[in-house]
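Listed here are the chains, written in short residue letters.
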Amino acid sequence: MARRAIVAANWKMNGDLTLVNTMVTGLTNVELQDNVSVVICPSTPYLSSLVTKVKAEQLNTAICIGAQNVSEHESGAYTGEISTKMLRDLSVEFAIIGHSERRSYYKETSTQVAHKVNAALNAGLTPILCIGESEAERATEQTETVLASQLQPVIDEVGIEKFIDVVIAYEPVWAIGTGKTASSEMAQETHQFIRQFLAQANENVAAKVPLLYGGSVNASNCEELFAQADIDGGLIGGASLQVEQFKIICSAAKGK
Ligand code: PEP
């Protein structure tokens, strides 16, 4: 049974039109293994030009565009927010939801994250649902409890069957942007826990959900991480701003 691998670039509040151009040019000759998708998630102002340039260059259809966030509301008086429909209008296919920076700086709760995942799925967007524990939670052996508490509200809201269209990114908060990567053993062990947690609700769905690792992935450590049985690619921050390094990471991913 084939499980798709995904390498997603989270530019965060970085990048500019020059990076949009350099990335699209760089991706014209990226070498991808079978069953791999690449998702570029720029800041909202660059979504439109990225979509236009990807279309103009007729890039491999495995290259997709994603947003970094989305509103849980359909429309209305929510100044500054962006709806699922607006993203679909721009041909955006993915949305990162529940990134730890949104959970910590903007106080997004797991309930709100669940609403956003639901809104994304209803609009035909693929959510990249981010979960992960803090350093203190890892140190006090609460990792599994924390991950379960982040996953369960989403399962309760959308139903486990819909996870067939969800991508999960496990991102230990202490590894994001710090240069401290989880060891491949630790990452695999945690991914296996996540898959088993989903399997308690539906084994068939659990076997098909792509589980990405995020947290200081770079061109040197990607191969070992992606070789792990339950790691289906990565969510890449800092290294996704460097096109040549990002291409190496994309080429290391392989469907399982
Ligand atoms: C991220 O922001 O999702 C991330 C994984 O960042 P970095 O790769 O820089 O750790």
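Anyway, here's the lowdown on the structure attached to this text. Residue positions within a chain follow its written sequence, with the count starting from 1. Reporting in this predicted model follows two pLDDT cut-offs: at least 70 for local features of residues, and 80 or more for side-chain atom pairs to be given and counted; totals over whole chains, interfaces and linings ignore these cut-offs and use all residues. The basis for every side-chain value is the complete set of non-hydrogen atoms in the structure, without hydrogens or water.

## Quick look at the site of the ligand
Around the ligand lies a shell of 14 residues, among which Lys-12, Glu-171, Gly-177, Ser-216 and Gly-237 are the nearest. Between the ligand and the protein, one listed contact pairs an oxygen atom with a side-chain N or O atom of Glu-171 at 2.7 Å. The Shrake-Rupley method, run with a 1.4 Å probe sphere, supplies the accessible areas, and residue values consider only the shown protein chains as cover. Alone, the ligand offers 300 Å² of accessible surface; in the complex the protein occludes 96% of this. Residue polarity follows a fixed list, in which Ala, Val, Leu, Ile, Met, Phe, Trp, Tyr, Cys and Pro are nonpolar, Asp, Glu, Lys and Arg are charged, and the others, Gly among them, are polar. Classifying every residue of the shell around the ligand gives 4 nonpolar, 8 polar and 2 charged. Near, as used in this document, describes a residue that has one of its heavy atoms within 4 Å of the molecule or strand being considered. The definition of a polar contact used here is a pair of N or O atoms within 3.5 Å, where within protein one atom must be able to donate a hydrogen and the other to accept one, and adjacent residues in sequence count solely through side-chain atom pairs.

## Digging into the state of the cysteines
Criterion for a disulfide: a pair of cysteine sulfur atoms within 2.5 Å. Taken as a whole, this structure holds 0 disulfides when the rule is applied. Here Cys-130 stays free of any disulfide, with the sulfur of Cys-41 as its closest cysteine sulfur at 9.2 Å. Classification of residues uses two cut-offs on accessible area relative to the type maximum, computed with a 1.4 Å probe and protein chains only: under 20% is buried, over 50% is exposed, and between them is partly exposed. On the accessibility criterion, Cys-130 (2% relative accessible area) is buried.

## Some remarks on the nonpolar core
Side-chain atoms within 4.5 Å link the members of a nonpolar core, which is a set of buried Ala, Val, Leu, Ile, Met, Phe, Trp, Tyr and Cys residues. In this structure, Leu-129, Phe-163, Ile-168, Ile-194 and Phe-226 are the most contacted members of the largest nonpolar core, which totals 71 residues. The element best represented in this core is helix H7 (residues 143-158), accounting for 6 residues. Look past the residues within four positions of Phe-226 in its chain and what remains in contact with it is Val-7, Val-217, Ile-231, Gly-233, Gly-234, Ile-249, Ala-252, Ala-253 and Lys-256. Ranked by size, the runner-up nonpolar core spans 13 residues in total, among them Ala-8, Phe-94, Cys-130 and Leu-212. Elements are defined by DSSP. Helices are runs of H or I of four residues or more, strands are runs of E of two residues or more, and each kind is numbered from the N terminus. A contact between two residues is defined here by any heavy atoms of the two lying within 4.5 Å.

## As for the sheet that holds strand E2 (residues 36-41)
Spatial ordering of the closed barrel is given by E1-E2-E3-E4-E5-E6-E7-E8, a layout of 8 strands whose pairing is parallel. With direction set aside, neighbouring strand axes in the sheet form an average angle of 25°. Following DSSP output, two strands are said to pair if at least two bridges run between them. Relative to strand E6 (residues 167-170), strand E5 (residues 126-131) runs parallel, the two sharing 4 bridges. In the sheet register, Cys-130 faces E6, and the bridge partner there is Ala-169. Axis definition: a line fit to C-alpha positions, over the contact stretch in the case of helices; interaxial angles, taken between N-to-C directions, run 0 to 180 degrees. Docked against the sheet, helix H5 (residues 110-123) engages strand E4 (94-97) and E5, running at close to 160° with respect to E5.

## Things to note about the packing of H5 against H7
Close contact between H5 and H7 brings their axes to 8 Å; oriented N to C, the two are set at 45°. It follows from the interaxial angle that H5 and H7 lie oblique. Crossing of H5 over H7 shows right-handed handedness. For the pair H5 and H7, contact is made by Ser-110, Thr-111, Ala-114, His-115, Val-117, Asn-118 and Leu-121 and by Ser-149, Gln-150, Pro-153, Val-154, Glu-157 and Val-158, respectively. Considering only residue class, the contact of H5 with H7 consists of 6 nonpolar, 6 polar and 1 charged. Each angle is binned into one of four classes, with values under 35 degrees roughly parallel, values over 145 roughly antiparallel, values of 65 to 115 roughly perpendicular, and all other values oblique. For any helix crossing, the convention is left-handed if the near helix is rotated counterclockwise from the far helix by under a right angle, and right-handed if that rotation is clockwise.

## A look at helix H11 (residues 243-252)
In terms of burial, H11 is a largely internal element, 7 of the 10 residues being buried. For H11, every residue scored as buried is listed here: Val-243, Gln-245, Phe-246, Lys-247, Ile-249, Cys-250 and Ala-252. The inward-facing, buried residues of H11 contact strand E1 (5-10), helix H1 (17-27), E2, helix H10 (222-226) and strand E8 (233-236).

## A short note on helix H8 (residues 184-201)
With 18 residues, H8 extends 26 Å between its outermost C-alpha atoms, agreeing within 8% with the 26 Å of an ideal straight helix rising 1.5 Å per residue. Along H8, the positions that sit buried rather than exposed are Ser-184, Ala-187, Gln-188, Thr-190, His-191, Phe-193, Ile-194, Arg-195, Phe-197 and Leu-198. Expected span, for any helix, means 1.5 Å times one less than how many residues it has.

## A few points about the side chain of Asn-10
Considering the arrangement of structural elements, one finds Asn-10 in strand E1. Polar contacts involving the side chain of Asn-10 include one to the main-chain amide nitrogen of Lys-12, which spans 3.0 Å. Within polar-contact distance, the side chain of Asn-10 engages the side chain of His-99 at 3.4 Å. Residue contacts for Asn-10: discarding those within four places in its chain leaves Cys-41, Gln-68, Ile-96, His-99, Leu-235, Ile-236, Gly-237 and Ser-240.

## Some thoughts on the pattern of salt bridges
The rule for a salt bridge is simple: a side-chain nitrogen of Lys or Arg has to be within 4 Å of a carboxyl oxygen of Asp or Glu. Tallied over the full model, the rule gives 10 salt bridges. Across the salt bridge formed by Lys-12 and Glu-101, the nearest N and O atoms sit 2.7 Å from each other. Highlighted residues: Lys-12 in the loop between E1 and H1 and Glu-101 in helix H4 (residues 100-105), separated in sequence by 89 residues. A salt bridge links Arg-138 to Glu-133; the shortest N-O distance between them is 2.9 Å. Through salt bridges with shared partners, a single network forms among Arg-3, Arg-195, Asp-230 and Asp-232.

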